[in-house]
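These are the residues of each chain, in order.
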Amino acid sequence: MKVLIIDDEKSILKMYEEYLKTAGMEVLTVTDGQTGIGTAKAQKPDVILLDIIMPKFNGLDVLNKMKSDPDIKDIPIFLLTNLPAECSGEKAKELGAAGYLVKAEYEPKMVVDVIRGAVAKTKS
Amino acid sequence: MDPKSLPTPSKIFRYEKAVEASTWIIVVLIIFGVRFLPQKLIDNDQVYYLIGAIAALALLYYLLVYKYFSRNNRLYLKSIADIVLIGVLIHLLKDYGVYFFALYFLPIAAAALSLEFINALLIATIAALFVIFEIFLSSMDLLPQTAQFYQGFWQISLILFITIFCRFLAVQIRQEKTLKEEALAREKALAEESKKEKEFMSLTSHQLYTPLSIIRGFSAMLYEKKLGELNPKQEEAITEIHDSTKRMVDLVSELLSISRIETGAFRLEKKETDLKRLLENIVSLINQTKQQKIKISLDCHEKIDSVKIDADKIRQVVYNLIDNALKYGKGQQIKLSCQQTDKETIISVRDEGVGIPKADFEKLFQPFFRGKTILELDNKGTGLGLYIARLIIEKHGGRIWAESEINKGSTFKFSLPR
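This structure is a prediction, so every number in the text was calculated from the model and none was measured.

1. Focus: the nonpolar core
- Core analysis: the largest hydrophobic core is formed by 47 residues, its most contacted members being Ile48(A), Leu50(A), Leu63(A), Ile77(A), Phe78(A) and Ala97(A).
- In contact with Ile48(A), not counting residues within four places along its chain, are Leu4(A), Ile6(A), Ala40(A), Ile75(A) and Ile77(A).
- Counting residues in hydrophobic clusters, the runner-up holds 36 residues, among them Ile261(B), Leu278(B), Ile347(B) and Ile400(B).

2. Digging into the interface of chain A and chain B
- Counting residues at the interface gives 20 residues for chain A and 21 residues for chain B.
- Among the secondary structure elements, those contributing two or more residues to the side of chain A that touches chain B are α1 (10–22), α4 (85–95) and α5 (108–123) of chain A.
- Top contributing element to the side of chain A that touches chain B by residue count: α1(A), with six residues.
- Tallied by class, residues from the side of chain A that touches chain B come to 10 nonpolar, three polar and seven charged.

3. Some remarks on the sheet that holds strand β5 (residues 344–351) of chain B
Residue and element names in this part refer to chain B.
- The five strands lie next to each other as β2-β4-β5-β7-β6, forming an open sheet whose pairing is mixed. Only two strands of the sheet have a single partner each, and these edge strands are β2 (296–300) and β6 (399–405). Between one strand axis and the next, the sheet turns through 15° on average, direction left out of account.
- Here eight bridges tie β5 to strand β7 (residues 409–417), and the two strands are oriented antiparallel to one another. Looking across to β7, one finds that valine 349 is bridged to phenylalanine 412.

4. What about α4(A)?
- Residues of α4(A) that are buried include every one of Glu86(A), Cys87(A), Ser88(A), Ala92(A) and Leu95(A), and no others.
- Where α4(A) is buried, its residues touch α3 (59–67), β4 (77–81) and β5 (99–102) of chain A together with α6 (146–223) and α7 (232–263) of chain B.
- Of the residues one or two after α4(A), Gly96(A) is the one with positive phi, at around 100°.

5. Examining the pairing of strand β3 (residues 47–50) of chain A
Residue and element names in this part refer to chain A.
- Residue alternation in β3 divides its side chains into two sets, Val47 and Leu49 and Ile48 and Leu50, and both sets are buried.
- Here strand β1 (residues 2–6) runs beside β3; their pairing, made up of four bridges, is parallel. Bridge pairing links isoleucine 6 to leucine 50 in β3.
- Pairing geometry for β3 and β4, over three bridges, is parallel.

Definitions and limits used
- Residues numbered from 1 in each chain as written.
- Chains lettered and ligands numbered in written order.
- Predicted model: local features only at pLDDT ≥ 70, side-chain atom pairs only at ≥ 80, totals over all residues.
- Core = buried A, V, L, I, M, F, W, Y, C linked by C-beta atoms within 7 Å.
- Buried ≥ 20, exposed ≤ 12 C-beta atoms within 10 Å, placed from the backbone.
- Contact = placed C-beta atoms within 7 Å.
- Helix = DSSP H or I, 4+ residues; strand = E, 2+ residues; numbered from the N terminus.
- Nonpolar A, V, L, I, M, F, W, Y, C, P; charged D, E, K, R; others polar.
- Pairing = 2+ DSSP bridges.
- Axes fitted to C-alpha atoms, helices over the stretch in contact; angles between N-to-C directions.

Right under this line is the structure:
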């Protein structure tokens, strides 16, 4: 199972990378949206975890671009952010996000469950 | 002339173009139309050329007025010119001119609707003077006629009536418009303020949550021994860190929710909701949880009409009440009920737990209140859950309250208006 994490906060990337690896997942990490789109197209991950507040492109712009790209539009993308759902949850849903996870409220094991659930759903 | 130095233009200029167009259409009709009337109106054909010349001069005058004057002054000068033009036309058309008397109404009405009262009255006076002048000239030709004076009297009365009526109308329209503009400005200011609050709250959430999520994530990894085995003392320490981080996250999350509600950055997204289905889903989800030993029962009336609510927020309230019942319910039965009257829908959560002393009833829904019986059972809650529930229910226009007997259990109820 291949997971791409796009987040400009290196400590967050390190934490999820470590955790997901211990859960047996292959983890790709990038720190900006532009590189994230390129990596997604080249590596075709099973799931993408995407932060919202990032330099250059914010996560919602990246989500929009990814969902308009026929190569990667079917990959489930979860927004993994610390912005409250009330702020961007609706917009994320409109743009086609598979889910909206607030980092502080989701323990890493819950994130792992979400990823597994999404992959199982895609395969079925 | 600097338009900025001129008085503020009237808001009712949309009448200006209509009046302008109507006047010119009628002038053109008079100039060209009278020739085709069955009876020859005017003895001398040169009068037509005179009318044409006057109309051309008037047109030139209007063009100059359009070029050099601001809208407010322009309307004033044009109204005077309209009255003069109509007065001259009526005079030149002799007896038939009386049929064109109604033409006076257009510039008079436009002036009364758009200008200040004193200016509108001046224009009405000019029109009245033209009427008197015309009567005077007619009387010279046809000798004194009482009918002519009566006709003049009614014409002047009509001119005054139209001025006062249109003026009254303009005041009403302006008042309504001002009220609407004020309401819009207030709404805009509030929306702007709410947007700023929302942005501030979002960024505050982000800044507070980011270090917390890192602490929570790494402490979870240590707690779950993903980074290797721990000795008993390390394990005890990390359990405390892990639990406290979760409490901290809950506390920050609830404080942020309260701030959002209290500052107005939080808005309800109300939609028609099948409440029975919503409650069934909540009960089913909680009962499916593996760790959940107590099963929750649902007692809903056969027919519950849909209600307009923010389903996510009401779900949050119900979860919160059930969570409290699970914590303080002594492992007994928990019952979720729903009933509907003509005016409201009442949802209640009943447990058979320790109960709450009556003295605490009023304080229950205040922030950070933790009753003695509750503290004996659990000291890890934030004391904000019921306060948030109250804010959400009050935002819906409902109320929330508790009924309880010590050692017999408690029922938390909330109502939602229909």
